[in-house]
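These are the residues of each chain, in order.
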Amino acid sequence: MEKHISLIGVPTDIGAGARGASMGPEAMRVANLASVLESHGLNVIDRGNLSGPPNPWQPPTDGYRHLPEVAAWNETLHHAVHAELALGRMPIVLGGDHCLGLGSISAVARHCREQGKQLRVLWLDAHADYNTAALTPSGNIHGMPVALLCGHGPALLTGIGGTTPAIDASVVRQIGIRSVDAGEKRLVHEAGLEVFDMRYIDEMGMRHTMEQALSGMDDNTHLHVSFDVDFLDPDIAPGVGTTVPGGPTYREAQLCMEMIADTGRLASMDVMELNPALDVRNRTAELAVDLIESLFGKSTLMRTAPPARVT
């Protein structure tokens, strides 16, 4: 796991259906993310916030809301993430809404192609985010980034990074899913996405879920975690714009993060959809920081030796 961390704030809710996620990066800073990571011996540089167009808050045009603005933010993020990876640093993207996963993951995929690495993406989310303009009347692009990464959508977005599709659906493991539109469900099945929904977690447990999601990786695997805070049950994480009941509990989420840490292969990360306007005294941001800390060595268990790696 990389010991040099770069925090990249992306203060926009350009792809969302509710305002407020643009304040997410500052909420994470208020929750002391940098100092918490430094307490684990990590070298942390906060690159500050990227700049981009303001949110015009307009209805969709040809099925997409704010398409040029979404493209501009994601192009800027793509180059910022790629630059950090080229320096041998681990980028942690502080969103912002989850449309930004397009810029972040396309940059990671580009880096993997250049370095000859295999990519694994863990998509921790209540939603599959595999919508298209034909399926969603809202046109909100934060519901589309996985589909866009897999090549479904306008070239302005699918072509970010110069390769379309940016990724193959086979590299994605979706965890915690519990809200999928009917048409979206059909596309997910057609794409062959590997989805560990909440029923799977209920029946099989988080440990088995994570063993499956992390299997097949080796020392040449770049592991990217895209963490939408609405992955968590809203009882513990109210500060998101699209709450869905029935998500992972605190302990399930901690186990998820600890098992990712146990692999030693985490190399980049997004933290998305934190909405301080809907939070209670920054409670959700503090929980997110707590869980991120578990990715970097904090454990609730007293161990005399590290656990065996998941392979």
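Quick note: structure is the one above.
This one's a predicted model, so the numbers in the text were calculated from it and none came from an experiment. (Residues numbered from 1 in each chain as written. Predicted model: local features only at pLDDT ≥ 70, side-chain atom pairs only at ≥ 80, totals over all residues. Heavy atoms only, no water.)

Trainee: Got a minute to help me understand the overall build of the chain in this structure?
Mentor: Within the chain one finds 10 helices and 8 strands. For 311 residues, the compact-globule estimate of 2.2 N^0.38 gives 19 Å, and the C-alpha radius of gyration of the chain, at 18 Å, lies within 12% of that figure. With the C-alpha coordinates aligned to their principal axes, the bounding extent of the chain is approximately 60 × 45 × 40 Å. Split into buried and exposed, the 311 residues of the chain put 56% on the buried side. (Helix = DSSP H or I, 4+ residues; strand = E, 2+ residues; numbered from the N terminus. Rg over C-alpha atoms; globule rule 2.2 N^0.38 Å. Buried < 20%, exposed > 50% of the residue type's maximum accessible area, 1.4 Å probe, protein only.)

Trainee: Quick question: what am I supposed to make of the packing of helix α8 (residues 198–214) against helix α9 (residues 250–263) here?
Mentor: Where α8 contacts α9, the axes come no closer than 9 Å and their chain directions differ by 20°. When the interaxial angle is binned, α8 and α9 end up roughly parallel. With respect to the hand of their crossing, α8 and α9 are arranged in right-handed fashion. Residues Ile201, Met206, Arg207, Met210, Glu211 and Leu214 of α8 touch α9, and the partners they reach there are Glu252, Leu255, Cys256, Met259, Ile260 and Thr263. Residues of the contact of α8 with α9, tallied by class, amount to 8 nonpolar, 1 polar and 3 charged. (Axes fitted to C-alpha atoms, helices over the stretch in contact; angles between N-to-C directions. Parallel < 35°, antiparallel > 145°, perpendicular 65-115°, else oblique. Left-handed = near helix turned anticlockwise from the far one by under 90°. Contact = heavy atoms within 4.5 Å. Nonpolar A, V, L, I, M, F, W, Y, C, P; charged D, E, K, R; others polar.)

Trainee: Please explain the packing of aromatic side chains as it appears in this structure.
Mentor: Aromatic ring pairs: the centre-centre distance and the angle between the two ring planes describe each pair. Evaluated as defined, the whole model comprises 2 aromatic pairs. Ring centres of Phe196 and Tyr200 lie 5.1 Å apart, and the angle between their planes is 70°; on these two criteria the pair is classed as edge-to-face. With relative accessibility at 3%, the residue Phe196 sits in the buried group. Note on Phe227 and Phe231: the rings are 6.3 Å apart at their centroids and 85° apart in plane angle, and the pair reads as edge-to-face. (Phe/Tyr/Trp six-rings, centres within 6.5 Å; stacked < 30°, edge-to-face > 60°.)

Trainee: Looking at this structure, how should I read helix α7 (residues 182–191)?
Mentor: By the burial criterion, the buried members of α7 are Glu184, Leu187 and Val188. Around the axis of α7, the buried residues are gathered within 105° of arc, so they sit on the same side. Residues Ala182, His189 and Glu190 are exposed on α7 and point more than 90 degrees away from its buried face. Phi turns positive one or two residues past the end of α7, at Gly192, with a value near 75°. (Arc of directions from axis to C-beta.)

Trainee: Any chance you could explain unusual backbone geometry here in plain terms?
Mentor: Glycine aside, residues mostly have negative phi angles, and peptide bonds mostly take the trans form. Between Gly95 and Gly96 the backbone carries a cis peptide bond, its omega angle lying at 15°. Positionally, Gly96 belongs in the loop between β3 (90–95) and α4 (101–115). With an omega of -5°, the peptide bond between Thr164 and Pro165 qualifies as cis. Notably, Trp57 is not glycine yet its phi reads approximately 55°, a positive angle. Along the chain, Trp57 falls in the loop between β2 (43–49) and α3 (67–86).

Trainee: What exactly am I supposed to notice about the pattern of salt bridges here?
Mentor: Oppositely charged side chains may form a pair once their charged atoms are brought near each other. In total, this model carries 12 salt bridges according to the counting rule given. Note that Arg29 is salt-bridged to Glu26, the shortest N-O span being 2.6 Å. Taken together, the residues span about one helical turn, with Arg29 and Glu26 both in helix α1 (residues 24–30) at a distance of 3 residues. The exposure class of Arg29 is partly exposed, given its relative accessible area of 22%. (Salt bridge = Lys/Arg side-chain N within 4 Å of Asp/Glu carboxyl O.)

Trainee: Please explain the side chain of Arg89 as it appears in this structure.
Mentor: Relative to the helices and strands, Arg89 is located in the loop between α3 and β3. A distance of 2.7 Å separates the side chain of Arg89 from the side chain of Ser6, its partner in a polar contact. (Polar contact = N/O pair within 3.5 Å; in protein donor to acceptor, adjacent residues only side chain to side chain.)

Trainee: So what exactly am I meant to see when it comes to the pairing of strand β1 (residues 4–10) here?
Mentor: One face of the sheet, then the other: side chains in a regular strand alternate in exactly this way. Among the 7 residues that make up β1, 6 are buried, leaving the element largely enclosed by the rest of the structure. Relative to β2, β1 runs parallel, the two being bridged by 5 bridges. Among the inter-strand pairings, Ile5 is bridged to a residue of β2, identified as Val44. Summarising the sheet, β1 and β3 pair through 6 bridges and their orientation is parallel. (Pairing = 2+ DSSP bridges.)

Trainee: Explain the environment of His142 to me, please; I cannot follow it from the model alone.
Mentor: Along the chain, the position of His142 falls in the loop between β4 (118–124) and α5 (145–149). The buried category is assigned to His142, whose relative accessible area is 13%. Each C-alpha atom of the pair His142 and Val70 lies 9.5 Å from the other, and the pair is 72 residues apart in sequence.

Trainee: I keep staring at the environment of Asp202 and nothing clicks. Help me out?
Mentor: Secondary-structure assignment places Asp202 in helix α8. Taking C-alpha positions, Asp202 is 9.3 Å from Pro248, a pair spaced 46 residues apart along the chain.

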